[in-house]
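Take a look at the letters that make up each chain.
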Amino acid sequence: MTKTCVVGAGRMGSALARALLAEGIETRVWNRSPEKVAPLVAAGAHTAESLAEAVAASDVVIVNVIDYAAADALLRMPAVERALAGKVVVQLTSGSPRQAREAGRWAAERGIAYLDGAIMATPNFIGGAETTILYSGMRQAFERHRDVLRVFGGNGVFVGEDAGHASALDTGLLTQMWGKLFGTLQALAVVRAEGIGLEAYARYMRDFQPVVDAATDDLIARVGEGRWRGDAATLATIEAHYSAFHHLLAVGDEHGLDRVLPAALDGLFKAALAAGHAADDFAALMRFIERGGVRHAA
Ligand code: NAP
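What counts and what doesn't
All residue numbers refer to position in the chain's written sequence, counted from 1. Where local features are concerned, this predicted model is filtered to residues with pLDDT of at least 70; where side-chain atom pairs are given and counted, the filter is 80 or more; whole-chain, interface and lining totals use all residues. Side-chain numbers here rest on the full set of heavy atoms in the structure, without hydrogens or water. Only DSSP runs of H or I with at least four residues qualify as helices, and only runs of E with at least two residues qualify as strands; both kinds are numbered from the N terminus onward. Expected span, for any helix, means 1.5 Å times one less than how many residues it has. The angle between axes fitted to the seven-residue stretch ending at a residue and the seven-residue stretch beginning at it gives the bend at that residue. Burial status follows relative accessibility: with a 1.4 Å probe on protein chains alone, a residue under 20% of its type maximum counts as buried, one over 50% as exposed, and anything between as partly exposed. Contacts are assigned to residue pairs that have any heavy atoms within 4.5 Å of one another. Any pair of N or O atoms that falls within 3.5 Å is considered a polar contact. Within protein, one atom must be able to donate a hydrogen and the other to accept it, and sequence-neighbouring residues count only if both atoms are side-chain atoms. We call a residue near a given molecule or strand whenever any one of its heavy atoms falls within 4 Å of it. A 1.4 Å probe and the Shrake-Rupley method give the accessible areas. Residues count as covered only by the protein chains that appear here. What counts as an axis is a line fitted to C-alpha atoms, over the stretch in contact for a helix, and the angles between N-to-C directions run from 0 to 180 degrees. Angles below 35 degrees are treated as roughly parallel, those above 145 as roughly antiparallel, those between 65 and 115 as roughly perpendicular, and all remaining angles as oblique. Two helices that cross are described as forming a left-handed crossing if the nearer one is turned anticlockwise from the farther one by less than a right angle, and a right-handed crossing if clockwise. In this classification, the charged set is Asp, Glu, Lys and Arg, the nonpolar set is Ala, Val, Leu, Ile, Met, Phe, Trp, Tyr, Cys and Pro, and all remaining amino acids, among them Gly, are polar. UniProt positions are given in the numbering used here, feature names are shortened, and annotations may be inferred rather than shown by experiment. Two joining distances apply to patches: 9 Å for like charges and 5 Å for nonpolar side chains (Val, Leu, Ile, Met, Phe, Trp, Tyr), and every residue must have over 30% relative accessible area and no salt bridge. Salt-bridge detection follows one rule: a side-chain nitrogen of Lys or Arg within 4 Å of a carboxyl oxygen of Asp or Glu.

Side note on helix 11 (residues 238-255)
Along an α-helix, residues three or four positions apart point the same way, because every turn accommodates 3.6 residues. The end-to-end C-alpha separation of helix 11 is 26 Å, in line with the 26 Å expected for 18 residues at 1.5 Å each. Of all the bends in helix 11, the greatest measures close to 30° and is centred on Ala244. Along helix 11, the residues classified as buried are Ile238, Tyr242, Phe245, Leu249 and Gly252. Buried positions along helix 11 lie against helix 12 (260-274). In the segment just after helix 11, Gly256 is the residue with positive phi, at about 70°.

Describing the side chain of Asp266
Counting through the fold element by element, Asp266 comes out in helix 12. Polar side-chain contacts of Asp266 include one of 2.6 Å to the side chain of Tyr242. In contact with Asp266, other than residues within four places in its own chain, are Tyr242, Phe245 and Leu249.

Structural notes on the site of the ligand
Taken together, 20 residues form the shell around the ligand, and within it Met12, Asn31, Ser33, Lys36 and Ser94 come nearest. Asn31 is positioned with one of its side-chain polar atoms (N or O) 2.6 Å from an oxygen atom of the ligand. Ser33 places a polar side-chain atom, nitrogen or oxygen, 2.4 Å from an oxygen atom of the ligand. Protein coverage of the free-state accessible area of the ligand, which is 900 Å², stands at 76%.

Comments concerning the packing of helix 11 against helix 12
Here helix 11 crosses helix 12 at 150°, and the two axes come no closer than 10 Å. Taken together, helix 11 and helix 12 sit at an angle that is classed as roughly antiparallel. In this structure, helix 11 crosses over helix 12, and the sense of that crossing is left-handed. For the pair helix 11 and helix 12, the contacting residues are Ile238, Glu239, His241, Tyr242, Phe245, Leu248 and Leu249 in the first and Pro262, Ala263, Leu265, Asp266, Phe269, Lys270, Ala272 and Leu273 in the second. When its residues are assigned to classes, the contact of helix 11 with helix 12 shows 11 nonpolar, one polar and three charged.

Structural notes on the UniProt feature "domain: 6-phosphogluconate dehydrogenase NADP-binding" (unreviewed entry) in the protein
Sites flagged by UniProt as "domain: 6-phosphogluconate dehydrogenase NADP-binding" (unreviewed entry) map to residues 5-160. The annotated region residues 5-160 carries 40% helix and 22% strand content, and the separation between its end C-alpha atoms amounts to 24 Å.

Description of a nonpolar patch on the surface
Together, Met177, Trp178, Leu181, Phe182, Leu185, Val260 and Leu261 make up a nonpolar patch on the protein surface, roughly 670 Å² of accessible area in all. Mapped onto the nonpolar patch, the elements with two or more residues apiece are helix 9 (165-193) and helix 12. Among the elements that make up the nonpolar patch, the one with the highest residue count is helix 9 (five residues). As for its position among the elements, Leu181 is in helix 9. Take Leu181: its relative accessible area is 47%, and that puts it in the partly exposed class.

Laid out in structure tokens, this is it:
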């Protein structure tokens, strides 16, 4: 039976360790601050005198610390590096695609099988049948340890042999999440300033969501096909979007709301309008984002 080791017992690392223990998988846990390991030991985890010892006793080493700098400092200690040879590292710490590729190269040079994962969930979702975790790197390691990885989330997906692809997708998916979360904060500021209850906003937001989802799918298709010119299938031109959008700054100014977010979007709209894209599809804004068009226009 596969023996595992979880490096890092923070919020996420503890959830990962608990998911392994719930499946009866032999699991060692190591954390910089030892006190966080105690509740996991109570749940059946093993401890080790040192990280090198924990690694030596395991087949699959799952790493989940705050960032790659912390992970690298731990994994590249000579005794740990030696113990890792021939084992599998599953790096679940968040990082950039470049950091993931660099870690993949480091592992390959030392005979360590490497998977870089992006957890598309918060700790309370770990172990869920629909929880998505993206993995990239060594396909063979993913196939071989699928049963262990499935414990973290039913939707564990291998996204490519370029070790950076899971992180790249993570960054892309989180970008849209932050767009929505920051957008929600700005929206709540507007509706509160206008005396509308948040429950009412939440209800209408859910009603509106299918329209936003369809527009998002349409945008992805148009960007992929390069169909940025306004045409018969265009849902709303840049001009039509802007006629609704520009009120956001006005309402915010009336109520003294922060301008940073709407001003950034306003800058993109204005650059596209100034460049003659009024009648084009919203997808035409992609040209300004990809080529730093607003910066060049300024
Ligand atoms: P957390 O609760 O703050 O835990 C951080 C962990 O990193 C702790 O085990 C901490 O050890 C360790 N650590 C920090 N600096 C270290 C260092 N210099 N050397 C060794 N260990 C160090 O954070 P978390 O929420 O579990 O997040 C951990 C990772 O998962 C991050 O990369 C995060 O982006 C990713 N992630 C988190 C979520 C989430 O919803 N929480 C979702 C997806 C991905 P100590 O206990 O000693 O401080």
